[in-house]
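Descriptive analysis of the structure
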Amino acid sequence: MNALQTETALVLFSGGQDSTVCLVWALERFARVETVGFDYCQRHRVELDMRPRIRAELGTLKTEWRARLGEDHLVSLDALAAISESALTREVAIEIGDSGLPTTFVPGRNLIFLSFAGAIAYRRGAGHIVAGMCETDYSGYPDCRDQTIKAMGRALELGMDRRFELHTPLMWIDKAATFALAHTLGGDVLIRLVVEETHSCYLGDRSHRHAWGYGCGACPACKLRSEGWNKWKATRMG
Ligand code: ZN
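Here we summarise the structure given alongside this text. Bear in mind the structure is a predicted one, so any value in this text is a computation, not a measurement. (Residues numbered from 1 in each chain as written. Predicted model: local features only at pLDDT ≥ 70, side-chain atom pairs only at ≥ 80, totals over all residues. Heavy atoms only, no water.)

1. Some thoughts on the coordination of the zinc ion
Each donor-metal-donor angle in an ideal tetrahedron of four donors is 109.5 degrees, and each such angle in an ideal octahedron of six donors is either 90 or 180 degrees. Spelled out, the test is: Donor selection uses N, O and S atoms within 2.8 Å of the metal (3.2 Å for Na, K and Ca). Since no water is included, sites may look incomplete. Sites are called tetrahedral only when four donors show all angles between 85 and 135 degrees, square planar or octahedral only when four or six donors show opposite pairs over 155 degrees and all other angles between 65 and 115, and irregular in any remaining case.
C201 (SG), C216 (SG), C219 (SG) and C222 (SG) make up the full set of protein donors to the zinc ion, lying at 2.3 to 2.4 Å. One can describe the site at the zinc ion as tetrahedral: its 4 donor atoms subtend angles covering 106 to 117° at the metal. For the zinc ion, all donor residues lie on one chain, and their spacing in sequence is C-x14-C-x2-C-x2-C.

Following this line, the structure appears as structure tokens:
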């Protein structure tokens, strides 16, 4: 493990698998870790209900994590839903749209998230922002690309005249490796928490329980998660 850094980190924490692993990654590295989540009237709004549960459970897994976990910030972004024509915010079919991108793409979403995260980090004196964007087995969203995030980090530094380090620990790993990282960070108990409590399904389905967790089993988020789980399991047994 890396040496503990004395600074504060702010983690973009949605209640999903990726951001939960990022939160634990940060808890292992920083003396104080705060979280921020966004309510943009997402169809899978149930993920927001999982956030406090995941935070509370993480605190029971390791004394150091409980000691380091600081405030949570929940930001309402109704305006993002109002201006977006996306399958994540409206009753639109999840498919590939005319742009060649999935209809689940919410233009500007991560840029807006990072802007708000920067503003909160500024106020809270956090020099580090941790986010779960990934361009390895993602859905093709241009705002998940490493270049976008790097440019955004630079824009935040310039725009606020403050030094921010933007960390994306999952950028170059796939979903199987994300499960592996969770296991390295917290063992079987963290894997159980990820499976039981984190939410990824775009449709907000928590009525179907699979080996990899809850979800419809058919949307792109469920497919990525189940394929990652199966690959990780196969590797472990191999
Ligand atoms: Zn699903």
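2. What to know about the sheet that holds strand β5 (residues 165-167)
Applied cut-off: A pair of strands counts as paired when DSSP detects no fewer than two bridges linking them. The numbering of helices and of strands both runs from the N terminus, where a helix is a DSSP run of H or I of at least 4 residues and a strand a run of E of at least 2. Helix axes use the C-alpha atoms of the stretch in contact, all axes being lines fitted to C-alpha atoms, and the angles between their N-to-C directions lie in the range 0 to 180 degrees. Residue contacts are defined here by distance: any two heavy atoms, one from each residue, within 4.5 Å place the two residues in contact.
Pairing is parallel in the open sheet, where 5 strands are placed in the order β3-β2-β1-β4-β5. Two strands bound the open sheet, and with one partner strand each, they are β3 (69-76) and β5. Within the sheet, the average angular offset between the axes of one strand and its neighbour, ignoring direction, is 20°. Taken together, the 3 bridges between strand β1 (residues 5-12) and strand β4 (residues 128-130) define a ladder with parallel strand orientation. Bridge pairing in β4 links L10 to I129. Packing of helix α2 (residues 46-61) onto the sheet brings it into contact with β2 (30-39) and β3, and relative to β3 it is tilted by some 175°. Contacting β1, β2, β3, β4 and β5, helix α5 (residues 109-124) crosses the sheet at an angle of about 140° to β2.

3. Here we look at the packing of α5 against helix α6 (residues 146-160)
Here is the rule we go by: Roughly parallel means an angle under 35 degrees; roughly antiparallel, over 145; roughly perpendicular, 65 to 115; everything else is oblique. Helix crossings get a hand from a simple test, with the near helix turned counterclockwise from the far one by less than a right angle marking a left-handed crossing and a clockwise turn marking a right-handed one. Three classes are used: nonpolar for Ala, Val, Leu, Ile, Met, Phe, Trp, Tyr, Cys and Pro, charged for Asp, Glu, Lys and Arg, and polar for all others, with Gly counted as polar.
Where α5 contacts α6, the two axes come as close as 10 Å, and the packing angle between them is 40°. Classified by the interaxial angle, the pair formed by α5 and α6 is oblique. The interaxial crossing formed by α5 with α6 has right-handed handedness. Seen from α5, the contacting residues are L111, L114, S115, G118, A119 and Y122; seen from α6, they are T148, I149, M152, L156 and M160. Of the residues in the contact of α5 with α6, the class split is 8 nonpolar, 3 polar and no charged.

4. Concerning the nonpolar core
Condition: By convention a nonpolar core is built from buried Ala, Val, Leu, Ile, Met, Phe, Trp, Tyr and Cys residues, the set being connected through side-chain atoms within 4.5 Å. Only protein chains enter the calculation, and the probe is 1.4 Å; a residue is then buried if its accessible area is under 20% of its type maximum, exposed if over 50%, and partly exposed in between.
Grouped together as the largest cluster of nonpolar side chains are 65 residues, with contacts concentrated most on L12 and L58. Not counting chain neighbours up to four residues away, the residues in contact with L58 comprise L23, V24, L27, W65, L190 and L193.

5. Thoughts on the pattern of salt bridges
Cut-off, in case you're wondering: By definition, a salt bridge exists where a carboxyl oxygen of Asp or Glu is found within 4 Å of a side-chain nitrogen of Lys or Arg.
All told, the structure shown has 14 salt bridges when counted by the stated rule. K175 serves as the salt-bridge partner of D18, at 2.8 Å between the closest nitrogen and oxygen. Of the two residues, D18 sits in helix α1 (residues 17-27) while K175 sits in helix α7 (residues 175-197), which places them 157 residues apart along the sequence. Look at K175 and you get buried, because its relative accessible area is 10%. The partner of R32 in a salt bridge is E34, and the shortest N-O contact between them spans 3.1 Å.

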